[in-house]
Every structure is written in structure tokens, then in C-alpha cells.
Amino acid sequence: MRVSILITIAWLFLATMLPATHVSHAAEVKGEEHAVLTAAPSVPPLITRKHSTKVIVELEVRERVGTIAEGVEYTFWTFGGTVPGRFIRVREGDQVEFHLKNHPDNKVPHNIDLHAVTGPGGGATSSFTPPGHESIFSFAALNPGLYVYHCATAPVGMHIANGMYGLILVDSKKGLPKVDREYYVMQGDFYTVGSNGDTGLQTFSMEKALREDAEYVVFNGSVGALTGDHALQAEVGETVRLYVGNGGPNLVSSFHVIGEIFDEVRIEAGDAINRNVQTTLVPAGGAAIVDFKVDVPGTFILVDHSIFRAFNKGALGMLKVTGKPNTAVYSGQQDQRIYLPEGGAVQTTPEPAPKPKLAANKAERIEMGRGAYQTNCVACHQADGQGIAGAFPPLAKSDYLNADVNRAIDTVLSGLQGEITVNGEPYNNVMPSLGLSDEKIANILTYVLNSWDNDGGEVSPAQVSKRRKK
Amino acid sequence: MKLLSAGWLILGTLSAFGAGAASREMSEIPGGVYRPQYGTKDEQVEVESFVLDNYAVTNADYLEFVTENPRWRKSQTPQIFADAAYLKHWIADLDPGPDSGPEGMSPVTNVSWFAARAYCRWSGSRLPTLAEWEFAARASESKPDAIGDVDFRQRILDWYAKPAKPPLPKVTDGFINVYGVTGLHGLVWEWVSDWNSVLLTGESRVDAGLERQLFCAGASAGSADPSDYAAFLRFAMRASLQADYAVGNLGFRCAKDRSPN
Ligand SMILES: [Cu+2]
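What counts, and at which threshold
- Residues numbered from 1 in each chain as written.
- Chains lettered and ligands numbered in written order.
- Predicted model: local features only at pLDDT ≥ 70, side-chain atom pairs only at ≥ 80, totals over all residues.
- Heavy atoms only, no water.
- Helix = DSSP H or I, 4+ residues; strand = E, 2+ residues; numbered from the N terminus.
- Buried < 20%, exposed > 50% of the residue type's maximum accessible area, 1.4 Å probe, protein only.
- Contact = heavy atoms within 4.5 Å.
- Areas by Shrake-Rupley, 256 points an atom, 1.4 Å probe, with all protein chains shown as cover.
- Disulfide = S-S within 2.5 Å.
- Donors = N, O, S within 2.8 Å, 3.2 Å for Na, K, Ca; no water.
- Tetrahedral: all angles 85-135°; square planar, octahedral: opposite > 155°, others 65-115°.
- Polar contact = N/O pair within 3.5 Å; in protein donor to acceptor, adjacent residues only side chain to side chain.
- 1 Å grid on protein atoms, 1.4 Å probe; cavity = no way out; pocket = protein on both sides within 12 Å on 5 of 7 lines; lining within 4 Å.
- Points joined across faces, edges and corners; volume = space filled by probe spheres on them.
- Nonpolar A, V, L, I, M, F, W, Y, C, P; charged D, E, K, R; others polar.
- Core = buried A, V, L, I, M, F, W, Y, C linked by side-chain atoms within 4.5 Å.
- Pairing = 2+ DSSP bridges.
- Axes fitted to C-alpha atoms, helices over the stretch in contact; angles between N-to-C directions.

### So, the overall build of chain A
Right, so step 1: If you tally the helices and strands in chain A, you get 10 helices and 23 strands.
Right, so step 2: Burial analysis of chain A (470 residues in total) assigns 50% to the buried set.
Right, so step 3: For chain A, long-range pairs separated by at least 24 residues make up 69% of all intrachain contacts whose partners lie at least 6 apart in sequence.
Right, so step 4: Accessible surface computed for chain A: about 21300 Å², of which carbon and sulfur atoms make up 53%.

Following this line, the structure appears as C-alpha cells:
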């Protein structure tokens, strides 16, 4: 037998012995419990005990095919079967006994590097595990905070790009201030050989990963994981806390909730608190804790404000707030006026501003609609109404549009979200309500109906007004 | 305890007859040099000409081996030579069962390094060295060294990226490389004789560098070809193993020195 093998075996034995003999916190630790692990967006229950304990965490690595977007599959490498991995919650001072299990059907070895661990490789050196095996190591949760964990097996980038990350929260002894709702949101970027929207089973592209050219940027592992029926929920008056992580592997997130201001942000999930924040940076391999009170009902959109990622690559989620409107906080649209800049100084005019010109006939309506379409719709549905595959449905020759004009009016009046099928292609995205007048909506839709092979017809302001009152 | 095992193995091989799998086909791999993934950019590894099995050892082949060598049957083999997962997909000592593929033609997996080594000795050969295996695995259908081809690399990666459930494909499935060898990629991982030599060489400066590559930097700038992710996956897999481990996607094939003539 080769000497090197003997050395290796001895070395491995030593390595596995070390954690057990170096535990210095054992004295204060009372009892033992199994950690409750949750899949996003759920967060394990608050820890109410006032003492340190031994917490046993059992996490199983599964390599499995899942859906990354409608019709698009991907082989995710997961901590606990989901992306992001299971949320782990312990308390400052706890002694954590970690069991990492690598399922026998898996192809490759894995390990775990928890940023909450003080020790070599954050646990990675002690948890390197081939398929069909289990590694056990222990660590003391010394520093409170919200930490990313991830696989650190070579090639690290590929393991992370396949979804191997999650969050571990070490509650401080004092605990964070109480809130009404806690949610787990984690961003990640994905690199598929096929382009965004190409259906079927997609494989990892190392070329794109090296170029940092992501096809998908998503919250909680897939496009739509937090929209429609999967939206986060809250009620007016409640305080919501988001544990926001970013697995990367490459991109930094400009995390923002459209229509909300974060009352408090624990910057980078550390001790520093920043107040009244619009957008907070979440680094790859980092996290932030954001708290905000929801004052009015409605749908609030979670985005990476690097905005093409949100509207084109999937980094978009929803928080649905139900309850009574509060017009003192938010009025809804009260009036829409023409804004005509008159040079630098503020001017007052004795006469009322001239009324906008109204369309006198169908031809004028189409003409005025063309202009309004350019300012209000073209960003998403494109100049020729062709839309963008996978993100924005076409208005050109759209079966969805032509089938029901009232439904189209409603769409422009109130926005649209959830799954629809247009010309055989599924869309599950959000169209915001644009706050347009009846006249404008009538003009735009008449223009659209009479362009790009659509069925024609005319929408009148009266018809829009009727739908608005419904 | 591990020292004892060496003696046991020698005994084991002395009692073998050097029989060997009946329908064995091997190909000659002409020697050459290549730059390994781990090491400095100008480090070269020289490989002498050798002979390699065209196919991974099948469950049927392995059945022959355990039939002749009762001490390697799953109920007989001590755990220090093969952990509890040894031949776990077999139904019984001499029954490979449905997970061994049609006519047992899937590659045998769930075998420890000790077991693989004993098999090769019994069949009058040996495990290939890491350098030999890596050298032969650089070949595509048409080229001895296709590692620089993006398509070739992507094909390898695609296999690594998909979980595999038993039964595994037949050993004859897959592409035949330019030497005549099938299934080095796209079938199973394979044991080599010195799989762990990269993990620990005894030279601490090198070890520190290796650990950095394995756990942190991944494809770090200093390595021979930072974009050869497939090689990193193989090295990571090998580094995670111990000699008694039996793993569901890990099999082997045997090699020989080229006969001196
Ligand atoms: Cu991994």
C-alpha cells in the first residue's frame, strides 16, 4: 500500500476528530433540539428559549430537475430539495451539530460553507461528502446575524450557479424587534446553454457564467416563484420583515420594493441600521434584513432594480397587501392634468389650462392613439406590437386581445398579472396599471385594434368609463 | 487496522488465479505528455504507453469475480475494505438483480477502491494511474486531445450535471474515442490507483495551494486551463473519496503496462 494513502487516511481521521475536541462552549449549553428547516418563502418560528442549546441540523443535498421558468427545466443542485436551500434558524451561543447528507443518486460530491461559522472554510473542509455519504461537524454560533451558506466544492462557481445556497439566521440573545410577518427571499443568477425562454431541459453554460451573462435572474429559484398565487401576503397595518439573501454566483442585487420604503434596513445583515431606504444593495454571498410597515392595500412588486433583470430575466416578486384603503397615505389617481413647462420660473395662468384635444372620429382616434402608444406601451410591447418572447405578450395579431375587447380595456385600466396564454405561448408576468384617462385608453386601444393584423373596431371613452365604474 | 488490510490484500491476490473477464477487449494508448489541471502552467506529466480496457467493468464481469473469490461477496467483505454501500444495488451475493442492467451490462458501481484493485489483480491487470486515465480521457472520437474543444467540454459537463438513477446505461453505450476506448465520459466516475495523490502529496506548499483550489478558488487563474470545469469536477470527486467508499456512480476499468517487446 502506498505511503501517501496511509498519510491521507490518518489525516482524514484527525480532521474529523478536531471539532469534537475543540468545543469550548459546552458548559453553557443546555439540552438539545432538532432545527426546524423551512423552504422559501417561509421562515422557521421565532426562538423563544432564553438559553443556549445544542441544535442538530440535518440537511440533505439533492440534485434534481426542476422548473426555472414556464416550460424550461434545469438540473438544480439543492440543499434540501429547493432553491434557495432550507432556512436555518439558531440562537447566538448555540452549539450546532451539522449533518450534511449527499443523496446516493447524486453525481458529484458536495460540502457546505456557512458564513456563520468561525473556522477553516466555514465548515467546507469538514463536510466534503461524496454521494451516498454523510458528514458531521460542529460549530458554535458566535456572531448573531443573517448569513449565506453555500457549497464550496470545486468548481465552486458551478455548484453555486446550480442553486447551492441558502440562509442561516443566528438570532441575537436579545432578538430582533417583533414583527407581524417574516419571509425568506433569495436572489440567484442562472446560466443556461439555451437563451431565456428556450424550453426543455437546459444545462449549465460555463461560457456564459464566466462572462457573467445571466439568462435568468430570479427570486427563490424560478421565474414566478413569488408572483400570482405564490405572492407574499400581508395585511394593512402589519410590519413585514424580509430576510433577503443573494446567492449570486455573480450579480449584486439592488433590492427594491416598488411602492414601499424600507423603514429599517440592517445593512448587509449586520448591526448597522439604516432608516427610510428605497433600495438596498445585497452583495453576492451576502444578505440584508429589511423591515417595513404596510400602510395601504395593493400589490407591491419586489425587484432587483437593475431593472432589465426584473422585467426580462425574472427578478420580480409580489407582496399582496389586503385591507382598507387609506387615502391619507395614498389617494389613488385624483386628477390628471396637462403639464406644459413654461421656462424656469413657476408661472400662474389666470385662465384654466386648455383642455386636451379630443378625437373627433375614428381616424383621429387612431392617429392620437399611435402617439400615446409610443409613450405608454412601447417599452414593453415594442414598436410593432410584437412584444418580447417570454416576458411581454404580443399585441400584434393577439388572439387574447381580439377575443374580448372589454378584457383588453380592463387590462389597460387596472393592469394584469398571473398566467395567460397569448397565441399559444404562456405568460406569467405583471403589467402595471398605467393611470391613463378614458380618452387615452380609447385612443390607444383603437390604434392597437387597427394595427398589425388585428381585427379592427373602435373603443370609445364612454365604453372605457363604463368598465372603470364596474 | 489499515496496515493489517495491506496484508489481507496481498493474501487475497496470492490466492487468485489471474483468470480474467472472458470477453476482454483492450486498446493501446500511445504515451505522451499533458498539462494536468492541478499544478503550475508549465508542469507536464509524462505518460508511458499503456493498455486500457475498452469498457468499464460490468456487473456481469464482477459476478464472475465474486463467484471465484467468495471473500469479495457483499456478505463476506469486511467493512474496512468496502463500506455498507458495497454492491448495495445487488439483490444477493451472486445475484446482481435488475439494477445491473440488461444481462448485467451496466458498469458495476458501489465498489470500493480495495475491491476494484482486487478485481484488476485477479484479471491479470491493474487500475490505471490517475495520469493514465486523465491522458486517455482527453480524447474525443477524432482527436487524442480535445480538451480545448468547447463542444467536447460541454458534452462532458452535461453528463456531470444530470443525476443518474439505476439501472445505468450499458458500458457499450457512448462514444468510442480515437484510441478505441468507450465510456470514459458520460457513464460513471472511475477509480484510479492513486486517486488521492492530488489531495495530499506530503509537500505542504503544494497542499496549501491545492486546498485553495478545491475549496475556494475553483478554476483559479493559476491552473493549467481555468475553464476546464469538467476536470475540476473529477478532481473534486476523487478528493471526496476514501479507499473503502462505495458510491452509486463510481465504477472502474483496468489497465496494463504495454508488454515489453
Ligand atoms: Cu455542491
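### What about the state of the cysteines?
All names here are of chain B.
Right, so step 1: Going through the model one piece at a time under the given rule, you end up with 1 disulfide over all chains.
Right, so step 2: Two residues, C120 and C254, share a disulfide whose sulfurs are 2.1 Å apart. Where C120 bonds to C254 through sulfur, the torsion about that S-S bond is close to -85 degrees, and the disulfide is left-handed. With C120 in helix α3 (residues 113-122) and C254 in the loop between β6 (250-251) and β7 (255-257), the pair connects residues that are 134 residues apart, well separated along the chain. The residues C120 and C254 share a single accessibility class, namely buried.

### Description of the coordination of the copper ion
Right, so step 1: The coordination sphere of the copper ion contains the protein donors H110 of chain A (ND1), C151 of chain A (SG), H159 of chain A (ND1) and M164 of chain A (SD), at a distance range of 2.1 to 2.4 Å.
Right, so step 2: Angles of 90 to 134 degrees at the metal separate the 4 donor atoms of the copper ion, which places the site in the tetrahedral class.

### Looking at the side chain of T58 of chain B
Residue and element names in this part refer to chain B.
Right, so step 1: With respect to the helices, strands and loops of the structure, T58 is situated in the loop between β4 (50-53) and α2 (59-68).
Right, so step 2: A polar contact of 3.3 Å, which involves the side chain of T58, links it to the backbone nitrogen of A60.
Right, so step 3: Among the polar contacts made by the side chain of T58, one reaches the main-chain amide nitrogen of D61 at a distance of 2.9 Å.
Right, so step 4: Beyond its immediate stretch of four places on either side in the chain, T58 contacts G104, M105, S106, P107, V108 and V171.

### Focus on empty space enclosed by the protein
Residues and elements named next belong to chain B.
Right, so step 1: With the rule as written, the count across this model stands at 5 cavities of 30 Å³ or more.
Right, so step 2: For the largest cavity, the lining is made up of 17 residues, of which W133, W189, E190, R234 and R238 are closest to its centre.
Right, so step 3: Of all the secondary structure elements, the ones that give two or more residues to the lining of the largest cavity are α5 (150-160), β5 (189-190) and α7 (229-239).
Right, so step 4: Across the lining of the largest cavity, the residue classes tally to 12 nonpolar, 2 polar and 3 charged.

### Brief notes about the nonpolar core
Right, so step 1: F98 and F255 of chain A together with Y62 and F252 of chain B are the most contacted members of the largest nonpolar core, which has 148 residues in total.
Right, so step 2: Broken down by element, the residue count for this core peaks at 8 residues, all from α3 of chain B.
Right, so step 3: Ignoring sequence-local partners within four residues, the contact set of Y62 of chain B consists of V57, Y86, L87, W90, V108, V111, A115, Y119 and F252 of chain B.

### Quick word on the sheet that holds strand β13 (residues 232-235) of chain A
Consider a sheet: its strands pair through backbone hydrogen bonds, and that pairing is either parallel or antiparallel.
Residue and element names in this part refer to chain A.
Right, so step 1: Strand order in this open sheet of 5 strands is β13-β21-β20-β15-β18, and the pairing throughout is mixed. The open sheet has two free edges, formed respectively by β13 and β18 (279-282), since each of these has just one partner strand. Adjacent strand axes in the sheet meet at a mean angle of 25 degrees when their direction is disregarded.
Right, so step 2: Two elements, β13 and strand β21 (residues 316-322), share 4 bridges in a ladder whose sense is parallel. The partner of Q233 across the bridge, within β21, is K320.

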